[in-house]
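Residue strings, one per chain:
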Amino acid sequence: MKGILFRFLFLLAILSAPKFLWAVAGDDCATAILVSSNGCSGATAYNNTGITGTLAPPSCFTGGNNNGMWFTFVASSPTVNVTVNAGTLTQLQISLLSPATFPCTGLFLELGCSSVAVAPATLSYSALTPGNTYYVYVDGRNNQVGTFQLCLNSPLQPGNDNPCTPFVVPAANFCSGINAYTNAGATADNLFSVSFPACWNSTVAFNTVWFRFTAIGAYNTITVNGTGPSGLVQPQVAIISTGNCNGTGWSSLGASNCGSATAGNNSVTINANNLIPGTTYYLAVDGVGGNTGAFQLCINSYTPSVTPVNDLCSGAIPLCPNGYYTGSTLNATNTGDPEITQWSCNAVVDNAVWYTFVTTNPVQPIVFNISTLCNADLLQFEVFDHTGAGTMCSTTTGDVSVGCTTFGPTGNGNLTLPAASLSPGRTYYVLIDNWPGDNCGFNFSISGNAGANAGFDQTVCLNTAAFNLIGTPAGGVWSGPGITNGALGTFNPSVLGLGTVTVFYTNGACVDQKIINITGPQVVVSNPVTICQGQSTNLQGTITPYPTNTT
């Protein structure tokens, strides 16, 4: 009799046990599967077959059965990119949720939603609170169930995400490396919470990063280029001034201080001619429609003369690797230009302007990408090697053309100088001319030439001893935060603390930058929780140890 009574009480206890004892992982908020904010599951790690969803369908979900599966993560940065790849579940729906009260109490706030007929499904959000816990809800469209892969990516917040911590950059013929900067992981700022630059796209999904420069002259040419698959598509840029980087008040000096690339274009240039020399300005860079990606930044601040500063050979502007240059033949002369018999792409020497570059050793091909706008006829772009007596600047003879191109009055062109046609470590001259009586505005980039190279960006630990940075070619000077000896390039992270800094390597007329991320062990934990006596809960957290020093 006692045995029968014991079995009855045991069965009764099982039947009255809390639901979570029988729960399947991911079938409810309380059993949400903990995933990393940076990482991917196996290709078919999860399966929503047999799961009955416990959440009211998110805003973008289709009708039919609710087979939503729950996941949870602790935010490690303000931005998260969620991707769900198909296994046997090919029509995917995902929602990003924030609980009213951690962990699963009250209504959920929907932060984003995606429903696609063809996998993968993606969702991005850039206003998370690091350390807080969030949920991802995954289902199939139109009653579909099956296997799938879940990936989360949380890019680090750029060091210049806040207008109060802009990257300071030079203003005289400065060009960063290709895709040296990024707005991936950047968040919205108070400064643009009330209004934003007039030429920018009206999206509220801003991911703005900030720079600061001091104008040298009233005339300023600024270009933002995104290159390759990771490049920023449709960049937008604006020069602004503000008395309070934490506030919402700012001013623009006019339409020329703002630019937004057209659809399908990864480059935008603004020409501001109303800045005050010696005044410091902010530069805001973003992407149209919430686009994020890497980009190159070029700035040239100058005071124009009656004739261009590079009208004569002696004023030839040195070209730096991966540099981007803007100029005009307006008011230039033909004084001191090579005689017409030495040109290959010209019939009358009219008003050429000069540039110069040095080849690498060993020599590499030189590539020019050129755009022009002439008031008539053609742009003439030619490269010369001086092989005769004297120097290029002391005589108009003894010059040999090593390559040229002609096109216009508007359009784009390319010129490649093969390595076989060049000598290592040698100085060459670029002359840009137009037909008599005309003038051309133009911009061009150059790659393959020698200049200043600061090396790869780097991550170091806060407790790393001071060490010397290496720039090429040797003989340049380092500057920027943490540099204690410019000639040796000595960098001491301990004098700065955690964060991201930019240092510069100057060699002659060329400047290159290196971004150094100083980091230490980081611990991110979930929200505070309150539990009653006899209850239990799961505490969540992630630890990022000191990284391995990289170069």
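As shown above, the structure is provided for reference.
No experiment lies behind these values; they were computed from the predicted model shown.

1. Observations regarding the overall build of the protein
The helix and strand tally for the protein stands at 1 helix and 38 strands. The dimensions of the protein, computed from C-alpha atoms along their principal axes, are 120 × 50 × 50 Å. Expressed as a percentage of its 551 residues, the buried residues of the protein come to 46%. Contacts in the protein between residues far apart in sequence, at least 24 positions, make up 77% of those at least 6 positions apart. In the structure as shown, the protein presents an accessible area of about 24,600 Å², 57% of it carried by carbon and sulfur atoms. Separation between the mean location of the 7 positive side-chain charges and that of the 19 negative ones in the protein comes to 37 Å.

2. A few points about the sheet that holds strand S24 (residues 366–374)
Ordered by their spatial adjacency, 4 strands build an open sheet running S22-S29-S24-S27, and the pairing between neighbours is antiparallel. On the outer flanks of this sheet lie strand S22 (323–328) and strand S27 (410–417), each paired with one strand and no other. Going from strand to strand, the sheet's axes swing by 15° on average, the running direction of each strand aside. As paired elements, S24 and S27 share 8 bridges and run antiparallel to each other. Pairing of Leu373 across the sheet is with Thr410, part of S27.

3. A closer look at the pattern of salt bridges
Tallying each qualifying case throughout the model produces 1 salt bridge. Arg426 is the salt-bridge partner of Asp385, the closest N and O atoms lying 2.7 Å from each other. In this pair, Asp385 is assigned in strand S25 (residues 379–386) and Arg426 in the loop between S27 and strand S28 (427–434), connecting sequence segments 41 residues apart. Judged by its relative accessible area of 10%, Asp385 is buried. For Arg426, a relative accessible area of 30% gives the class partly exposed.

4. Observations concerning unusual backbone geometry
Omega for the peptide link from Asn361 to Pro362 comes to 5°, which places this bond in the cis form. Tracing the backbone shows Pro362 in the loop between strand S23 (353–358) and S24. The linkage connecting Gly408 with the following residue, Pro409, adopts the cis geometry, with an omega of 5°. Locating Pro409 in the fold gives a position in the loop between strand S26 (399–407) and S27. Of note, the phi angle at Asn143 is positive, near 70°, even though the residue is not glycine. Along the polypeptide, Asn143 turns up in the loop between strand S9 (133–140) and strand S10 (147–153). Judged by its relative accessible area of 39%, Asn143 falls in the partly exposed class. Positive phi, normally seen in glycine, also occurs at Gln234, with a value near 50°. Examined against the element boundaries, Gln234 turns out to sit in the loop between strand S15 (219–225) and strand S16 (235–240).

5. What to know about the layout of surface pockets
Counted as a void, the second largest pocket has a volume near 840 Å³. Lining the second largest pocket are 36 residues, and of these Asn300, Tyr302, Thr326, Gly327 and Ser328 lie nearest its centre. Its residues assigned to classes, the lining of the second largest pocket shows 19 nonpolar, 17 polar and no charged.

6. Side note on the state of the cysteines
Taken as a whole and assessed by the stated rule, the structure comprises 10 disulfides. A disulfide bridge connects Cys60 with Cys113, and the sulfur atoms are separated by 2.0 Å. Disulfide Cys60 to Cys113: torsion about the S-S bond roughly -80°, handedness left-handed. Of this pair, Cys60 sits in the loop between strand S3 (46–47) and strand S4 (69–74) while Cys113 sits in strand S7 (residues 105–116), placing them 53 residues apart in sequence.

Thresholds, definitions, all that
Residues numbered from 1 in each chain as written. Predicted model: local features only at pLDDT ≥ 70, side-chain atom pairs only at ≥ 80, totals over all residues. Heavy atoms only, no water. Helix = DSSP H or I, 4+ residues; strand = E, 2+ residues; numbered from the N terminus. Buried < 20%, exposed > 50% of the residue type's maximum accessible area, 1.4 Å probe, protein only. Contact = heavy atoms within 4.5 Å. Areas by Shrake-Rupley, 256 points an atom, 1.4 Å probe, with all protein chains shown as cover. Lys, Arg positive; Asp, Glu negative; His and termini not counted. Charge placed at Lys NZ, Arg CZ, Asp CG, Glu CD. Pairing = 2+ DSSP bridges. Axes fitted to C-alpha atoms, helices over the stretch in contact; angles between N-to-C directions. Salt bridge = Lys/Arg side-chain N within 4 Å of Asp/Glu carboxyl O. 1 Å grid on protein atoms, 1.4 Å probe; cavity = no way out; pocket = protein on both sides within 12 Å on 5 of 7 lines; lining within 4 Å. Points joined across faces, edges and corners; volume = space filled by probe spheres on them. Nonpolar A, V, L, I, M, F, W, Y, C, P; charged D, E, K, R; others polar. Disulfide = S-S within 2.5 Å.

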